[in-house]
Amino acid sequence: MPQAPLEPIDLRILALLQDDGRLTNQALADAAGLSTSPCWRRVRQLEDAGVIQGYGARLDRRQLGLGVLVFIRVKIDTHSEREAEDFAAAVAALDEVVACYSIAGDADFLLQVVAQDLDHYAEFAMSVVRRLPGIKEMQTTMVLKELKPFRGFPVRGTRQEAR
């Protein structure tokens, strides 16, 4: 969380960069309505404050041969801090797990997993996930169709404002 509230121009810059992280400083400044030096300074401040954590490309998982997307709800045996840390460390090392969340409710963790196909997922689930530290129970939910894949966080409620 930023130390100071973000100003409207910062939100505009964030929305623009989230839509296209390859914008040059000149293009970003033009789109945000700033000159290049103040725009560059604001971006640096946002980076230094940790609001901007990095830059990357959005990839199509199917083009990478990852046709299966699943969510796995995991319950662990006990709820000791050590067991949760061991589980988190083991999950962090798995390339197939693209996101992991500690959750409230009837499960302890939610894993987002990709695999080449159902056979590869089944092998991964049975030989890797089931053997993670402290696993008591796991339940898989298969994604049939991605209706709205993650594209970024809402900035000021709607990303349309930056356009």
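The chain goes by Winged helix-turn-helix transcriptional regulator in an unreviewed UniProt entry, where it is assigned to Pannonibacter tanglangensis.

Within the fold, Gln-63 resides in the loop between helix 3 (36–48) and strand 1 (68–76). For the pair formed by Gln-63 and Met-142, sequence separation is 79 residues and the distance between their alpha carbons is 19 Å.

Predicted coordinates in areas of low pLDDT are best not read in detail. The predicted model of the chain has a mean per-residue pLDDT of 91, with 94% of residues at 70 or higher. No element of the chain has a lower mean pLDDT than helix 4 (residues 81–92), at 91, and none a higher one than helix 5 (residues 118–127), at 98.

Another aspect to go through is the UniProt feature "domain: HTH asnC-type" (unreviewed entry) in the chain. UniProt tags residues 6–67 as "domain: HTH asnC-type" (unreviewed entry). Within the segment residues 6–67, helix and strand shares are 53% and 0% respectively, and the terminal C-alpha atoms sit 39 Å apart.

Right, let's get into the pairing of strand 2 (residues 97–102). Note: strand 2 against strand 3 (residues 109–115), five bridges, orientation antiparallel. Pairing of Cys-100 across the sheet is with Leu-111, part of strand 3. A loop of six residues connects strand 2 with strand 3, the two strands running antiparallel in sequence, and Gly-105 in this loop sits at a positive phi of about 120°.

Take the layout of surface pockets next. Approximately 1700 Å³ is the volume found for the largest pocket. Considering the residues around the largest pocket, the lining is formed by 40 residues, among which Arg-58, Phe-150, Arg-151, Gly-152 and Phe-153 are closest to the centre. Elements represented by at least two residues in the lining of the largest pocket include exactly helix 1 (8–19), strand 1, strand 2 and strand 3. For the lining of the largest pocket, the element with the highest residue contribution is helix 1, accounting for five residues.

Moving on, we come to helix 4. Look at helix 4: 16 Å from first C-alpha to last across twelve residues, which is about the 16 Å you get at 1.5 Å a residue. Among all positions of helix 4, only Glu-83, Phe-87 and Val-91 are buried. Each buried residue of helix 4 lies within a common arc of 65° when the element is viewed along its axis, so the set occupies one face. Counted as exposed and oriented over 90 degrees from the buried face of helix 4: Glu-81, Arg-82, Ala-89 and Ala-92.

Scoring rules and cut-offs
Residues numbered from 1 in each chain as written. Predicted model: local features only at pLDDT ≥ 70, side-chain atom pairs only at ≥ 80, totals over all residues. Heavy atoms only, no water. Helix = DSSP H or I, 4+ residues; strand = E, 2+ residues; numbered from the N terminus. pLDDT = per-residue confidence, 0-100. UniProt positions renumbered as here; feature names shortened; annotations may be inferred. Pairing = 2+ DSSP bridges. 1 Å grid on protein atoms, 1.4 Å probe; cavity = no way out; pocket = protein on both sides within 12 Å on 5 of 7 lines; lining within 4 Å. Points joined across faces, edges and corners; volume = space filled by probe spheres on them. Expected span 1.5 Å × (residues − 1). Buried < 20%, exposed > 50% of the residue type's maximum accessible area, 1.4 Å probe, protein only. Arc of directions from axis to C-beta.

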